[in-house]
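Structure at a glance
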Amino acid sequence: MSDINELEARIEGTFTAVKDKLKAQQQRELQNYLDRQKLFHEYEKVQTQVVEIAKPRLQALARRSGNRVSVTPLVTETRRAARFDFKSAKAYITLTVSVAPDQEIKNAVVEFDLRIVPVLWKFDRHADFNVPIAAPDFPALTKWLDDRIVAFVELYVQMHESEIYDKAEFVEDPVAKVSFPKFAAGASLEVGGQTHFFIDDTTRATFAQQNGIAVK
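Parameters and conventions
- Residues numbered from 1 in each chain as written.
- Predicted model: local features only at pLDDT ≥ 70, side-chain atom pairs only at ≥ 80, totals over all residues.
- Heavy atoms only, no water.
- Patch = residues over 30% accessible without salt bridge, like charges linked within 9 Å, V, L, I, M, F, W, Y side chains within 5 Å.
- Areas by Shrake-Rupley, 256 points an atom, 1.4 Å probe, with all protein chains shown as cover.
- Salt bridge = Lys/Arg side-chain N within 4 Å of Asp/Glu carboxyl O.
- Helix = DSSP H or I, 4+ residues; strand = E, 2+ residues; numbered from the N terminus.
- Buried < 20%, exposed > 50% of the residue type's maximum accessible area, 1.4 Å probe, protein only.
- Domains from an automatic or database assignment.
- Pairing = 2+ DSSP bridges.
- Axes fitted to C-alpha atoms, helices over the stretch in contact; angles between N-to-C directions.
- Contact = heavy atoms within 4.5 Å.
- Parallel < 35°, antiparallel > 145°, perpendicular 65-115°, else oblique.
- Left-handed = near helix turned anticlockwise from the far one by under 90°.
- Nonpolar A, V, L, I, M, F, W, Y, C, P; charged D, E, K, R; others polar.
- Phe/Tyr/Trp six-rings, centres within 6.5 Å; stacked < 30°, edge-to-face > 60°.

1. Side note on a nonpolar patch on the surface
A grouping of Ile 4, Leu 7, Ile 11 and Phe 15 is seen on the molecular surface, where their side chains present a nonpolar patch of about 390 Å² in accessible area. Along the chain, the position of Phe 15 falls in helix H1 (residues 4–65). Owing to a relative accessible area of 51%, Phe 15 belongs among the exposed residues under this scheme.

Structure, rendered in structure tokens:
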């Protein structure tokens with residue numbers, strides 16, 4: 001029969017084992033936290049460069065859209081985004097461009113989300129581009145983002161094409177005798193304070209030759 005000291009030692013050993021287990025678990029969690037913080041630090045460097053690429057492009061879209069759009073920045077600890085709300089009589093249109101890390105913090109994920117209600121047009125609702133944090137390909141990201149923006153603009157113009165033409169000021173090429181919206185002119189020439197618009201440089205050159213005008 002064992003004495004009470006041996007029993008107490010066994011009891012104490014059980015508690016010690018639990019404490020050691022908890023301590024080891026805490027150390028693992030601490031190390032995981034430190035590792036993730038290090039990954040976040042590297043992610044933030046890539047995120048900054050992604051924002052530097054995206055910002056002027058989104059600003060260009062906003063400028064061209066004028067008062068037809070309102071832009072709202074959305075910022076959290078790890079995510080940066082810009083939401084474009086477009087004024088349109090055709091549909092409710094919201095475009096959101098964002099960057100955030102993936103679950104493993106191995107990639108900065110740039111997302112392009114488009115919402116159009118009602119859905120009467122064919123379009124890609126979502127697209128994303130993974131930028132590996134260890135080896136980011138910024139030229140590829142730039143091309144991808146430019147392509148997404150242009151595709152959206154083409155869709156927007158398609159949706160509002162009749163409205164754009166209805167509101168456009170029409171002009172006539174004096175050589176080809178063809179009328180077209182002023183914004184679609186391929187060339188122009190100012191003569192005596194009057195601006196003439198042309199389909200392209202060919203009819204512009206013909207007009208200048210017919211009227212004895214030297215053009216560069």
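2. Overview of the domain arrangement of the chain
Taken domain by domain, the chain holds domain 1 (38–166) and domain 2 (168–211). Computed over C-alpha atoms, the centres of domain 1 and domain 2 are 37 Å apart.

3. As for the sheet that holds strand S5 (residues 126–132)
Pairing between sheet strands relies on hydrogen bonds along the backbone, with the strands arranged either parallel or antiparallel. The antiparallel open sheet is built from five strands, whose spatial order is S1-S2-S3-S4-S5. Both edges of this open sheet fall to strand S1 (69–75) and S5, since each of them pairs with a single strand only. The mean inter-strand angle of the sheet, taken between neighbouring strand axes irrespective of direction, is 10°. Here strand S3 (residues 92–101) runs beside strand S4 (residues 107–117); their pairing, made up of 10 bridges, is antiparallel. Looking at S4, one finds that Leu 95 is bridged to Leu 114. Across the sheet, helix H2 (residues 138–159) lies against strand S2 (80–86), S3, S4 and S5, angled at about 0° from S4, the strand it touches most.

4. Details of the pattern of salt bridges
A side chain of one charge can pair with a side chain of the opposite charge when the charged atoms of the two come close. Tallied over the full model, the rule gives four salt bridges. A salt bridge links Lys 45 to Glu 42; the nearest nitrogen and oxygen atoms lie 3.5 Å apart. Here the residue Lys 45 and the residue Glu 42 both occupy positions in helix H1, the gap between them amounting to three residues, near one helical turn. Judged by relative accessible area, which is 44%, Lys 45 ranks as partly exposed.

5. Side note on the side chain of His 196
Relative to the assigned elements, His 196 resides in strand S9 (residues 194–198). Discounting residues that sit within four places of it in the chain, His 196 has contacts with Pro 174, Ala 187, Ser 188, Leu 189, Val 191 and Phe 207.

6. Observations concerning the packing of H1 against H2
The relative placement of two packed helices is expressed as an angle between their axes plus a distance between the axes. For the pair H1 and H2, the least separation of the axes is 11 Å and the interaxial angle reads 30°. It follows from the interaxial angle that H1 and H2 lie roughly parallel. Helix-helix and strand crossings are classified by hand; for H1 and H2 the assignment is right-handed. Along its contact with H1, which presents Val 46, Gln 49, Val 50, Ile 53, Ala 54, Arg 57, Leu 58 and Leu 61, the element H2 presents Phe 138, Leu 141, Thr 142, Leu 145, Asp 146, Ile 149, Phe 152 and Val 153. Looking at the contact of H1 with H2 residue by residue, the classes come out as 12 nonpolar, two polar and two charged.

7. Structural notes on the packing of aromatic side chains
For any pair of aromatic rings, the description consists of the separation of the ring centres together with the inter-plane angle of the planes. For the structure shown, the criterion picks out six aromatic pairs. Measuring from centroid to centroid gives 5.6 Å for Phe 86 and Tyr 156, while their planes differ by 45°, and the two rings are tilted. With a gap of 70 residues between them, Phe 86 in strand S2 and Tyr 156 in helix H2 connect regions that are remote in the sequence. Across the pair, exposure class does not vary: Phe 86 and Tyr 156 are buried alike. Judged by centre distance (5.7 Å) and plane angle (40°), the rings of Phe 129 and Trp 144 are tilted. With Phe 129 in strand S5 and Trp 144 in helix H2, this residue pair connects regions lying 15 residues apart in the sequence. For Phe 129, a relative accessible area of 18% corresponds to the buried category. In this structure Trp 144 comes out as buried when scored by relative accessible area, which is 12%. Put simply, the rings of Phe 84, Phe 86, Phe 152 and Tyr 156 pair up and form one aromatic cluster.

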